[in-house]
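Letter by letter, the chains look like this.
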Amino acid sequence: MKYQIVLTGVGGQGTIFLVKLLARCALNKGIPFIGTETHGMAQKGGTVISYLKIGSFHAPLIGKGQADLLIGLYPTETLRFLDYLKESASIVTNSDDSFPNLKNFNLIKVDASKKAVKGEINPKSLNVFILGVTLKYVKNFPFSVEEIEKGIEELNPKFAKANIEALHKGLNS
Amino acid sequence: MKRALLGNEAIAYGLLIANVDVMAAYPGTPSSEILETYQKLIKKLNLPAVAEWSTNEKVAFETAYAAAVTGKRAACGMKMVGLNVASDPLMSSAYIGNKGGFLVISADDPGFYSSQTEQDSRYFAKFARIPALDPTDPQDGLKLAILGIEISEKFEIPVLLRPVLRVCHGRQIVDITDFEFKGRKGNFERNIERWAAVPRVPRLKQGISLLAKLKEIEKFNYKSLIEPQLKKLKNTENLIIASGTSYGFALEAIEDNHLDIDIIKIDMPTPLPVNLLKKLLGRYKQVIVFEETYPLIEEQIAPVANVRGKLTGDVFNIDEVTHERIAEGLKNAGILKKNIYTGKGFDDIPAPRKPTLCPGCPHRTVFYGMKKVFGNNAIYPSDIGCYTLGLNQKAVDTILCMGASAGLAGGFSISDKSKPIIATIGDSTFLHSGIHPLINSIANKHKYILIILDNNTVAMTGLQPTPERTGGVSIEKVVEGCGVKPFVLEYDGKVETTVDFFNKVKEAYKNSDAPVVAVVKEFCTFDKENVKLPGKFASVDPQKCTGCGYCMDTFGCPAFEWKDGKVTVNKYFCVGCGVCLSGVCPFNAFVEDKR
Ligand code: SF4
Ligand code: SF4
């Protein structure tokens, strides 16, 4: 299997947690994983972008036009990196109605920021919520709900309950 | 055991597998997690080893080097600009050598993601005449950390491990072999000829033996690292030589484009056995070299083969390696017809999102108050850390290197006497290399204000502890010991208090003929122990907001957004620090948003 994901957001939104989680899932499944993520200065409130490559790869970045999926935690940052996607790739993004209708892609929108402000989801679990949405709508996603749940539990048992709850809110969205 | 690890974590495992029992480092992106992980592991596994955060890279180097002099295995860690600071002991230690293995880890940042420059630490190794190792990915980082220690001990020479950002902050499933950690007992054996670096006779001897060692290491490089790869060569028309991350990218480009081309990975770009490679390289019509960031390998082999690379203008010369850039290089060399790495971007890309101080960060209030009191005419030298982002509030005029805000302030004070000079520096940076310029300025009567933004942590690189927290070092007393009594403000999240404080500082500055120092005691919003956010959220009364943009320009909390010509607060980003409620808007448009 070869599956490449671009993950974007704003510094502080927890993209690194998602990278760790999916790397963990690959480990559990015995599939190779390589990727890279944003730390430090570039992370401070700025655009963050992570690359996740599941399957047999050698380089940490994704080539332009090669990704199967883009997960976007903030709408403006989603729009910035469409050039990494293959034709008819999937996009799952946090956004309100003003988000453009990207017809060439399988586009899934959910207004997670609004839910966070309203208290429907914890702002700290917005990342996992979006992952739940992804699991629901992206058919060829490489991991199952159970595999993700297991990864969450292993990675951070303290917050596992809250995170799994957020995951299911995404799955039921 | 297999684990999904960050490159830095993998390197830390490598050090333990290699039985490194002393490590010292100064944090700096992208290197910080190496010591962090090493420290965590020795604690968790209860290993007889020592991990220390040092006050700067020179100190880290010297601490670890001393351990290697006593026969222990040791490592120091830093980012490449930190190696500049440690370059003094590096040069001498190359001559003198070590008994136990000694690894100098310097993390490079191709692409300037968190740095002022894009230096290639491998050149420092060449300059100092020590071997450099250039890992491709986290797994390779682990492998070369071990190899580095072994080579260092075998040849009694410091070895440089140079992982780049995409290795340090690359994540991969890494295979960790079982290991049994045995620390060593250090034993300093007096040998003045060797350890006391005085000219000339013993030094000349060491210099000559260093050159001989390098010859030996060159041979080792060929026999152990290059020769095993030769069996796989198919004798194609062209050859790719790659090192570091470039190797992984080149492999992918070969696979993605189904190219029939030989490739060799260079683990040790210096010293390179050029003479031994001559025959092999000469067999190929062309040799294409991919490396980050400078043409170190290329320069060395250019005389013995038909080489295409950075020097010939065929390969990118700045910024990090990408698939597109590898493909472009192969295209230029006539090996690839078309660059397949293209995609279609969005036509109307939103304005770039610049790094900013976090919502609720006290630095923002300090910069705001400072600018309000000292105005636009002042010169604002600053330093390296989160507060560099005071750029956005136009409260930062210069950024050169760690500690330089005080150094430059001193220089400005003797060369432009017409303007007030307000320098800012963080606590860790002050202790790293800000004390010396302050002492210098006090001695030479340089007149400026130095504001130490003291949040008691190294925030930018992930909250490493400072000497204040771990050892009770008092910045106020250090400053006082240098010769001036600092003004101290306990940050309270209010604009008025901050402005009052700086007015007091300004008064003192008028009558002073030496530096005036102010210490603002604050917190970092990620620092769970100290953070004090009152939970007072804000919104904007659209009736009162005139759209003048004053709050955006001078304060610029990331939660502020433009909407239809007025400012609004993005509720998702507001953390409830309440500062904007305390007098940022000239029309009092910010009102509390009771949630
Ligand atoms: S990390 Fe801490 S010190 Fe740095 S900008 Fe954020 S709140 Fe401020
Ligand atoms: S209270 Fe004001 S300054 Fe503080 S985070 Fe919210 S919007 Fe920003």
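Residues numbered from 1 in each chain as written. Chains lettered and ligands numbered in written order. Predicted model: local features only at pLDDT ≥ 70, side-chain atom pairs only at ≥ 80, totals over all residues. Heavy atoms only, no water.

### Describing the interface of chain B and chain A
To keep things clear, this is the line we draw: Two residues qualify as a contact provided that any one of their heavy atoms is within 4.5 Å of a heavy atom in the partner residue. Summed over both partners, buried area is the accessible surface (1.4 Å probe) that two parts give up on being assembled. By definition, a salt bridge exists where a carboxyl oxygen of Asp or Glu is found within 4 Å of a side-chain nitrogen of Lys or Arg. Two N or O atoms count as a polar contact when they lie within 3.5 Å, although within protein this holds only if one can serve as hydrogen donor and the other as acceptor, and sequence-adjacent residues are included solely when both atoms are side-chain atoms. We count a stretch as a helix when DSSP gives it H or I for four or more residues in a row; a strand needs E for two or more, and each element gets its number in order from the N terminus.
Counting from both sides, the interface comprises 51 residues of chain B and, opposite them, 51 residues of chain A. In total, about 4,100 Å² of surface goes out of reach between chain B and chain A, with carbon and sulfur atoms giving 63% of it. Its largest share of buried area at the contact with chain A, chain B owes to B:Arg171, B:Arg353 and B:Tyr572, together 20% of the area lost on that side. Where chain B meets chain A, there are four salt bridges. If you look at where chain B meets chain A, you find 20 residue pairs in polar contact (both at pLDDT 80 or more). With five residues, helix α11 (residues 245-256) of chain B is the largest single contributor of residues to the side of chain B that touches chain A.

### Concerning the site of ligand 2
The condition that has to hold: Residues are classed as near a molecule or strand on a simple rule: at least one heavy atom within 4 Å of it. Residues are grouped as follows: nonpolar covers Ala, Val, Leu, Ile, Met, Phe, Trp, Tyr, Cys and Pro; charged covers Asp, Glu, Lys and Arg; every other residue, Gly included, is treated as polar.
Looking at ligand 2, there are 13 residues lining it, with B:Cys557, B:Cys574, B:Cys577, B:Gly578 and B:Cys580 nearest. Taken together, the residues that form the shell around ligand 2 break down as 11 nonpolar, one polar and one charged.

### With respect to the packing of aromatic side chains
We apply this condition: Each Phe, Tyr or Trp ring (for Trp, its six-membered ring) is paired with any other whose centre lies within 6.5 Å, and the angle between the two planes then decides the class: stacked below 30 degrees, edge-to-face above 60, tilted in between. Three labels apply to residues, based on accessible area from a 1.4 Å probe with only protein chains included: buried if under 20% of the type maximum, exposed if over 50%, partly exposed otherwise in between. Distance and angle both matter: a charge sits over a ring if NZ of Lys or CZ of Arg is within 6 Å of the ring centre and within 35 degrees of the ring normal.
Tallied over the full model, the rule gives 20 aromatic pairs over all chains. Residues A:Tyr51 and A:Tyr84 carry aromatic rings whose centres are separated by 5.5 Å and whose planes lie at 70° to one another, so their mutual orientation is edge-to-face. In this pair, A:Tyr51 sits in strand β3 (residues 47-55) while A:Tyr84 sits in the loop between α2 (75-79) and β5 (85-94), placing the two residues 33 residues apart along the sequence. A residue is classified by how much of its surface remains accessible, and A:Tyr84, at 11% relative accessible area, is buried. An aromatic cluster is present here, built from B:Tyr368, B:Tyr550, B:Phe555, B:Phe560 and B:Phe590 joined pairwise through their rings. Positioned above the aromatic ring of B:Tyr247 is the side chain of B:Lys265, whose terminal nitrogen or guanidinium carbon lies 6.0 Å from the ring centre.

### Digging into the pattern of salt bridges
Pairing between side chains becomes possible if they bear opposite charge and their charged atoms approach one another. Evaluation of the coordinates by the stated rule reveals 46 salt bridges over all chains. Of the charged contacts, one joins B:Glu252 and A:Lys53 as a salt bridge, the two residues approaching to 2.8 Å between their closest N and O atoms. Note that B:Glu252 is positioned in helix α11 and A:Lys53 in strand β3, a pairing that runs across two chains. Under the relative-accessibility criterion, B:Glu252 is labelled buried at 3%. Notably, a salt bridge pairs B:Glu153 with B:Arg184, separated by 2.9 Å at the nearest N-O pair. Residue B:Glu153 is located in helix α7 (residues 138-155), and its partner B:Arg184 is located in the loop between β8 (170-175) and α9 (192-195); the two are separated by 31 residues in the primary sequence. Given a relative accessible area of 31%, B:Arg184 falls into the partly exposed group.

### Quick notes on the UniProt feature "binding site: [4Fe-4S] cluster 1" (unreviewed entry) in chain B
Residue and element names in this part refer to chain B. Keep this limit in mind: UniProt positions are given in the numbering used here, feature names are shortened, and annotations may be inferred rather than shown by experiment.
Those residues carrying the UniProt feature "binding site: [4Fe-4S] cluster 1" (unreviewed entry) are Cys 545, Cys 548, Cys 551 and Cys 585 in this numbering. Their sequence span is 41 residues, while the largest C-alpha to C-alpha distance among them is just 10.3 Å; these annotated residues converge on one region. Among the secondary structure elements, Cys 545 is positioned in the loop between β19 (538-540) and α21 (550-554). Classification of Cys 545 as buried rests on a relative accessible area of 9%. Apart from residues no more than four positions distant in its own chain, Cys 545 is found in contact with Val 540, Lys 566, Val 567 and Ala 589.

### With respect to the sheet that holds β8(B)
Test applied: Any two strands are treated as partners once DSSP identifies two or more bridges connecting them. Axis definition: a line fit to C-alpha positions, over the contact stretch in the case of helices; interaxial angles, taken between N-to-C directions, run 0 to 180 degrees.
Across the sheet, eight strands lie side by side as β6(A)-β5(A)-β4(A)-β1(A)-β3(A)-β2(A)-β8(B)-β1(B); this open sheet has mixed pairing. The open sheet is flanked by β6 (106-110) of chain A together with β1 (2-6) of chain B, the only strands paired with a single partner. When strand polarity is set aside, the average angle formed by the axes of neighbouring strands in this sheet is 20°. In this sheet, β5(A) lies alongside strand β4 (residues 67-72) of chain A in parallel orientation, the contact comprising five bridges. Looking at the pairing, A:Leu70 lines up with A:Ile91 of β5(A).

### Thoughts on the sheet that holds strand β13 (residues 422-426) of chain B
Residues and elements named next belong to chain B. Overall, parallel pairing links the four strands, which are arranged β13-β14-β18-β17 in an open sheet. The open sheet has two free edges, formed respectively by β13 and β17 (487-490), since each of these has just one partner strand. For this sheet the average axis-to-axis angle between neighbouring strands, irrespective of direction, equals 20°. With four bridges joining them, β17 and strand β18 (residues 516-521) adopt parallel strand pairing. If you follow Val 488 over to β18, its bridge partner there is Val 519. Along the sheet face, helix α16 (residues 404-415) touches β13 and β14 (449-454) and points at about 165° away from the line of β13.

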